[in-house]
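One letter stands for each residue in the lines below.
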Amino acid sequence: MKKVALGDSTATIGGFDSNQTKAFNKGEIVIFDSNNNNGSLNVIVHDANANQYGETKVRFAYPITKAYNTGNKIFKNPTNVVVTLAADEFEYTIGTNGYYYLSCKFDLDEYK
């Protein structure tokens, strides 16, 4: 990640193949060392392609909570995410195979 300031909501991130399409996808969750109460997670708000230098500029759903110097790492697709149900109610159906299918909404912990 290139240098970003506290409160920024965009960042330039490198390390991709030259002109890589969909280096980031809309709704993709990323994790980086941020001292927020959200498990250091953030969400990409748009699809982003890399330029000829393997860099892409992304906008995050939530502002950055700490300044970063160039070279800090950002990780795609964390293996686990802590969430809270967004509402008390949820829906489920029982399929013909006997499986239960659940539909509900989640919030990332800090942004309830």
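Our structure's up above, just so we're on the same page.
Calculation rules
Residues numbered from 1 in each chain as written. Predicted model: local features only at pLDDT ≥ 70, side-chain atom pairs only at ≥ 80, totals over all residues. Heavy atoms only, no water. Helix = DSSP H or I, 4+ residues; strand = E, 2+ residues; numbered from the N terminus. Rg over C-alpha atoms; globule rule 2.2 N^0.38 Å. Buried < 20%, exposed > 50% of the residue type's maximum accessible area, 1.4 Å probe, protein only. Contact = heavy atoms within 4.5 Å. Areas by Shrake-Rupley, 256 points an atom, 1.4 Å probe, with all protein chains shown as cover. Lys, Arg positive; Asp, Glu negative; His and termini not counted. Charge placed at Lys NZ, Arg CZ, Asp CG, Glu CD. Phe/Tyr/Trp six-rings, centres within 6.5 Å; stacked < 30°, edge-to-face > 60°. Lys NZ or Arg CZ within 6 Å of the ring centre and 35° of its normal. Salt bridge = Lys/Arg side-chain N within 4 Å of Asp/Glu carboxyl O.

Comments concerning the overall build of the protein chain
Here is step 1: Each helix and strand counted, the protein chain has zero helices and nine strands in total.
Here is step 2: Against the 2.2 N^0.38 benchmark of 13 Å for 112 residues, the protein chain shows a C-alpha radius of gyration of 17 Å, more extended than a compact globule.
Here is step 3: Per-residue burial over the protein chain gives 25% buried out of 112 residues.
Here is step 4: Residue pairs at least 24 apart in sequence account for 59% of intrachain contacts in the protein chain once pairs closer than 6 positions are excluded.
Here is step 5: Surface exposure of the protein chain reaches about 7,500 Å², of which carbon and sulfur atoms provide 49%.
Here is step 6: Charge centroids of the protein chain, computed over 11 positive and 12 negative side chains, lie 9 Å from each other.

Concerning the environment of L102
Here is step 1: Position of L102 relative to the elements: it lies in strand β8 (residues 100–103).
Here is step 2: Counting along the chain gives ten residues from L102 to Y92, while the straight-line C-alpha distance between them is 4.4 Å.
Here is step 3: Ignoring anything within four residues of it in the chain, the contact list for L102 reads F90, E91 and Y92.

Describing the packing of aromatic side chains
The way to describe two aromatic rings as a pair is by their centre distance and the angle between their planes.
Here is step 1: With the rule as written, the count across this model stands at four aromatic pairs.
Here is step 2: Geometrically, the ring pair formed by F32 and F60 is tilted, given 5.5 Å between the ring centres and 40 degrees between the ring planes. Pair noted here: F32 is in strand β2 (residues 29–32) and F60 is in the loop between β4 (56–59) and β5 (74–76), with a separation of 28 residues, a long-range link.
Here is step 3: Arranged with centres 5.6 Å apart and planes meeting at 75 degrees, the rings of F32 and Y68 form a pair that is edge-to-face. You can see F32 sitting in strand β2 and its partner Y68 sitting in the loop between β4 and β5, a full 36 residues away along the chain.
Here is step 4: A relative accessible area of 4% places F32 in the buried class.
Here is step 5: In this structure an aromatic cluster arises from ring pairing among F32, F60 and Y68.
Here is step 6: Above the face of the F24 ring, K76 is positioned so that its terminal group lies 4.9 Å from the ring centre.

Describing the pattern of salt bridges
Here is step 1: All chains considered together, the criterion is met by three salt bridges.
Here is step 2: Two residues, K2 and E55, come together in a salt bridge whose shortest N-O distance is 3.2 Å. Taken as a pair, K2 in the segment before β1 (10–13) and E55 in the loop between β3 (41–43) and β4 lie far apart in primary sequence, 53 residues in all.
Here is step 3: Taking relative accessible area as the criterion, K2 reaches 37% and is therefore assigned partly exposed.
Here is step 4: Classification of E55 as partly exposed rests on a relative accessible area of 23%.
Here is step 5: Between K76 and E28 there is a salt bridge, with the nearest N and O atoms lying 3.5 Å from each other. With a gap of 48 residues between them, K76 in strand β5 and E28 in the loop between β1 and β2 connect regions that are remote in the sequence.
Here is step 6: E28 gets classed as buried once you look at its relative accessible area, which sits at 9%.

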